[in-house]
Structures are given as structure tokens and as C-alpha cells.
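# Summary of structural features
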Amino acid sequence: MTQNLLKAELHCHVEGAAPPALTLAQAEKYGIDSRSFVRNGAYVWTDFTSFIACYDFVASVFRTQEDYADLAEAYLCELAGVNTIYSELFVSPDHGEAVGLSAEAYIEGLAEGIARAKEKTGIECRMVIIGERHLGPDNVLRRAKWLANYSHPLVTGFNMAGEERMNRVVDYAPAFQIAKGAGYGITIHAGELCGAFSVTDALDHVAPSRIGHGVRSIEDADLVKRLADLGTVLEVCPASNIALQVFPDHDSHPLRQLTDAGVRVCINSDDPPFFHTSLAQDYEIVANMGFDRSEINAMTRTAIEAAFVDEATRSRLLLRLDEPTRQDASGDDLVK
Ligand SMILES: Nc1ncnc2[nH]cnc12
Ligand SMILES: [Zn+2]
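Residues take numbers from 1 onward in each chain, read along the sequence in its written order. Whichever chain is written first is A, and whichever ligand is written first is 1; the rest continue in order. Given that this is a predicted model, residues contribute local features only at a pLDDT of at least 70 and side-chain atom pairs are listed and counted only at 80 or more, while totals for whole chains, interfaces and linings are drawn from all residues. The basis for every side-chain value is the complete set of heavy atoms in the structure, and neither hydrogens nor water enter the calculation.

Naming follows an unreviewed UniProt entry, where the protein appears as Adenine deaminase of Rhizobium oryziradicis.

Here it is, written out as C-alpha cells:
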């Protein structure tokens, strides 16, 4: 039902988009033993802690600018192949630095891949810098200070991911203040591993325009109303939420309750091969939850409205969403 819809994604971690086959090829190239983390063509993890360990391993087999260029190009071309017109990639220079790649080289490599994908498919992409929460407040602050002194036209936002159960949001507030003061769009992972209080913390201490996941806001009716009143956009990642057991199954996922309460949401894949999903699959999951095409198109529109892009680019992307419906040879709608 959603195959032909235009799509947009605001929440995908670039290393988390590496397919196991690519990780294996990279590991072999560098003589790295991958057997603890890739088995039978799938990533090996059982809970959030082992997921992060596996993620870090995957990141460690991308070692050069060219490796990162190829990774970004491959993922964006895949997205464009399912009618995605806009992507925001979460990128963590800490992972580059862990293998000896400077933050600047890491970004330049990704930017090269983004440029190649745009040239081939027209897909628009921006990068959001991640501070890793489990590396501690000092490290996230260091990353924000680096960002405030850095400038790249494709780097437009700041975010914090990682182990949400470590520390409280207020401990990281100075980092967000710096990134916000430097003009970056702000989003933050909250309400995924921790309950509604973590989203309240985020609103109180960071006041982001978007929240990564945020789905456990459903535990607090006042908070849900606050999100709706503020217009804060939740970057919802349905397959990720089920895989990480935030909710036991799709039926218990609160997406419908959130939208019924007026909360703005968009659809995302987070770390697709880790969760045996893809952006196309997450769109299908949302359709299977009972959302119709116009509701799903509204979520795509919300993504573009909340994207960290300049206004000219946003207007152009919104115009594409508004183009009259085109049809393919079988008479099926091609874009809406
Ligand atoms: N789903 C997720 N939550 C927190 N940190 C992450 N890093 C990569 N994926 C993540
Ligand atoms: Zn995420």
C-alpha cells in the first residue's frame, strides 16, 4: 500500500544502516574477526546493551573517508529507490575518531557519499551530529563545542543518542545550549528506554523541536497534551521499538493514541538491518496499524516541515509532495 508513496526519513543512524554483508566485506578488507557480531547474515545482539556493542563493532569496520562515502551513497540510493525524497542521517564523529579518522574527515567522507547519491537520484540529505550519551556529559559537551566551531553546509543539527538510562538530561543541557546557540536544529533521544519522565526532562532542559522516539510519553497524559500543544515532532521508529522490546508488538504500539491526541509524528527506521527492517517496511508497518494513505502522507509532510533544512529546500520538498498524483503503467498511483 505504501510502496509508491513519497517518503522522508529524519531518524537513521548511518552506521546502523550498514547491511551485514557490507560489514562482513569491510571486516574482511581490514582483517577483522566479525564472528561475534555477524552470524548467518544477521547482526548478533539480544538487548540494548549488546545492540550498542554490536553497533560499535559495525562502526569500527568503516575506517576511511571512502568507506563512509560508500556507506552513505549506498543507503541513500536504497532510500531513493523506494521514493524517498529527503533523509536526515545521524552521524557520530566519535565513531570516526575511535578508528583514527578525524571528525572533519568523517564528515567529508559522508558528504561525498551524499553528493554522489544526490547526483544519481536527486535525494536530498542533511547530517545531524550525535553526541553519545554513554560517553558522558563532558564528551557530549566537547562534541557540541566542536560543532559550534565547525561549519559544513550539510551539517544542520545536533542530537544525543546512546544509553538513555545513564545520567539525566539536565547533565547534558549545556551541550544543547551551545549547539542551539550556534544555530543548529535540536533533537534528542528520549522516551525509548526510559519512561515519560525522560521526555519531560528533554522538554524542560533542552526544549527540542523534535524528539527521537518519545513514544513512552504515552505513559503520561499531561505530557502527551504538552507535546501536542508545543507541536514537538516525535521521530517514531516502529520496527525498532518492537525489536528493542519497548513495546511487545505492533498492536500495543501507541502511534494511534499519539496521533489521536494531536501529537505530530513521522516514520523512521533507526538502524534498519539491526531490526530487520527498512524505511519502506516501517511505512508498511504504519499502514498495517490502520493508518490510511492520506494519514501517512501527512506524516511525511510533518517530516519535511520538521527537517533541519533551509526554507528554500523545505519549500521545494513540500512542493514535490504536493505535485498532482502521477500514475504508473498499471494505473496505480505513483506518488500518493
Ligand atoms: N535506537 C537507538 N537508541 C539510542 N541510541 C542509538 N544509537 C543507535 N540506535 C539507537
Ligand atoms: Zn535512534
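Let's pick the thread back up.
### Some thoughts on the site of ligand 1
How we decide: It suffices for a single heavy atom of a residue to lie within 4 Å of a molecule or strand for the residue to be listed as near it. Only the protein chains shown count as cover for residues, and the accessible areas themselves come from Shrake-Rupley with a 1.4 Å probe. Think of a 1 Å grid over just the protein atoms. A cavity is a set of points where a 1.4 Å probe fits yet cannot get out, a pocket is an open set with protein on both sides within 12 Å along at least five of seven lines, and lining residues have an atom within 4 Å of a point. For this analysis, a molecule is said to be in a pocket or cavity if more than half of its atoms are within 2 Å of the grid points defining it. Elements are defined by DSSP. Helices are runs of H or I of four residues or more, strands are runs of E of two residues or more, and each kind is numbered from the N terminus. Classification convention: Asp, Glu, Lys, Arg as charged; Ala, Val, Leu, Ile, Met, Phe, Trp, Tyr, Cys, Pro as nonpolar; all other residues, Gly among them, as polar.
Neighbouring ligand 1 are the residues H13, F48, F51, Y55, A161, G162, H189, E192, H213, D270 and D271. Protein chains shield 98% of the accessible area of ligand 1, which is 260 Å² for the free molecule. Its atoms largely coinciding with the cavity grid, ligand 1 occupies the largest cavity. The biggest single contributor to the shell around ligand 1 is helix 2 (residues 48-60), with three residues. The residue inventory of the shell around ligand 1, partitioned by class, reads four nonpolar, four polar and three charged.

### Some remarks on the coordination of the zinc ion (ligand 2)
The cut-off we apply is this: Donor atoms (N, O, S) are those found within 2.8 Å of the metal centre, with the cutoff raised to 3.2 Å for Na, K and Ca; water is not part of the atom list, so apparent gaps in a site can occur. The rule is simple: take the accessible area with a 1.4 Å probe, protein chains only, and divide by the maximum for that residue type; under 20% is buried, over 50% is exposed, in between is partly exposed.
Summarising the metal site, the zinc ion (ligand 2) is bound by the protein donors H11 (NE2), H13 (NE2), H189 (NE2) and D270 (OD), whose distances to it range over 2.1 to 2.4 Å. All donors of the zinc ion (ligand 2) come from a single chain, and their spacing in sequence reads H-x1-H-x175-H-x80-D. Here H13, found in strand 1 (residues 7-13), pairs with D270, found in the loop between strand 10 (264-267) and helix 12 (279-288); they are 257 residues apart in sequence, far enough to count as distant. Among the residues examined, H13 registers a relative accessible area of 8% and is labelled buried.

### Looking at helix 2
In an α-helix, one turn spans 3.6 residues, which is why side chains three or four residues apart end up on the same side. Spelled out, the test is: A helix is expected to reach a length of 1.5 Å times the quantity of its residues less one. Contact criterion: two residues are considered in contact whenever any of their non-hydrogen atoms come within 4.5 Å of each other.
If you check helix 2, its first and last C-alpha atoms are 18 Å apart, about what 13 residues at 1.5 Å a residue would give, namely 18 Å. For helix 2, the full list of buried residues reads F48, F51, I52, C54, Y55, F57, V58, A59 and S60. Close packing links the buried residues of helix 2 with strand 1, helix 1 (20-29), strand 3 (42-43), helix 3 (65-81) and helix 4 (93-98).

### Quick look at the state of the cysteines
Definition in use: Cysteine sulfur atoms that pair up within 2.5 Å are treated as a disulfide.
Inspection of the entire model under this criterion finds zero disulfides. Here C237 stays free of any disulfide, with the sulfur of C266 as its closest cysteine sulfur at 8.0 Å. In this structure C237 comes out as buried when scored by relative accessible area, which is 0%.

### Quick look at empty space enclosed by the protein
As a reminder, the rule being used: Grid points are joined across faces, edges and corners, and a volume is the space filled by probe spheres set on the points.
Evaluated as defined, the whole model comprises one cavity of 30 Å³ or more. In this structure, the largest cavity spans a volume of roughly 180 Å³. Considering the residues around the largest cavity, the lining is formed by 21 residues, among which H13, F51, I52, A161 and G162 are closest to the centre. If you tally residues by element for the lining of the largest cavity, the top one is helix 2, at five residues. Per-class residue counts for the lining of the largest cavity are nine nonpolar, seven polar and five charged.

### Some remarks on the pairing of strand 9 (residues 233-236)
Side chains on a regular strand alternate between the two faces of the sheet. For clarity, the cut-off: When DSSP locates at least two bridges between a pair of strands, those strands are taken to pair. Every crossover in which the path from the first strand over the helix to the second runs clockwise, viewed with the strands pointing away from the viewer, is termed right-handed.
Of the two faces of strand 9, the one holding V233 and E235 and the one holding L234 and V236 are both buried throughout. By the bridge criterion, three bridges tie strand 8 (residues 210-213) to strand 9 in an arrangement that is parallel. Considered in strand 9, the bridge of G212 is made with E235. Once you follow strand 8 into helix 9 (residues 221-230) and on to strand 9, the crossover reads as right-handed. Here four bridges tie strand 9 to strand 10, and the two strands are oriented parallel to one another. By the bridge assignment for strand 10, E235 is matched with C266.

### Looking at helix 14 (residues 311-322)
Heads up, the rule is: This arc corresponds to the set of directions leading from the helix axis out to the C-beta atoms.
Its 12 residues place the ends of helix 14 16 Å apart at the C-alpha level, agreeing with the 16 Å of an ideal helix rising 1.5 Å per residue. Residues of helix 14 that are buried include every one of T313, R314, L317, L318 and L321, and no others. Taken end-on, helix 14 shows its buried residues confined to a sector of 130°, consistent with a single buried face. What points out from helix 14, more than 90 degrees from its buried face, is the exposed set A312 and L319. Taken together, the buried residues of helix 14 touch strand 4 (84-91), strand 5 (124-132) and helix 13 (293-306).

### So, the sheet that holds strand 9
Threshold: Between the N-to-C directions of two axes lies an angle of 0 to 180 degrees, each axis being a line fitted to C-alpha atoms and, for a helix, fitted only over the stretch in contact.
The eight strands are arranged 1-4-5-6-7-8-9-10 in an open sheet whose pairing can be described as parallel. Sheet topology places strand 1 and strand 10 at the edges, where each strand pairs with a single neighbour. This sheet shows a mean twist of 25° between the axes of neighbouring strands, independent of strand direction. Two strands pair when backbone bridges link them, and strand 1 and strand 4 are joined in this way by five bridges, in the parallel orientation. Along strand 4, the bridge assignment pairs A8 with Y86.

### Focus on the pattern of salt bridges
Put simply, the test is: Salt bridges are defined as contacts in which a side-chain nitrogen from Lys or Arg sits within 4 Å of a carboxyl oxygen from Asp or Glu.
Throughout the structure, instances matching the rule amount to 26 salt bridges. Taking the shortest distance from any N to any O, the salt bridge between E66 and R116 comes out at 3.0 Å. Of this pair, E66 sits in helix 3 while R116 sits in helix 5 (residues 103-121); the two residues are 50 residues apart in sequence, bridging distant segments of the chain. Given a relative accessible area of 22%, R116 falls into the partly exposed group. With its nearest N and O atoms 2.8 Å apart, the salt bridge here joins E124 to R126. Looking at R126, the relative accessible area reads 6%, which means it is buried. By sharing partners, the salt bridges in this structure join E66, D70, E73, E112, R116 and K120 into a single network.

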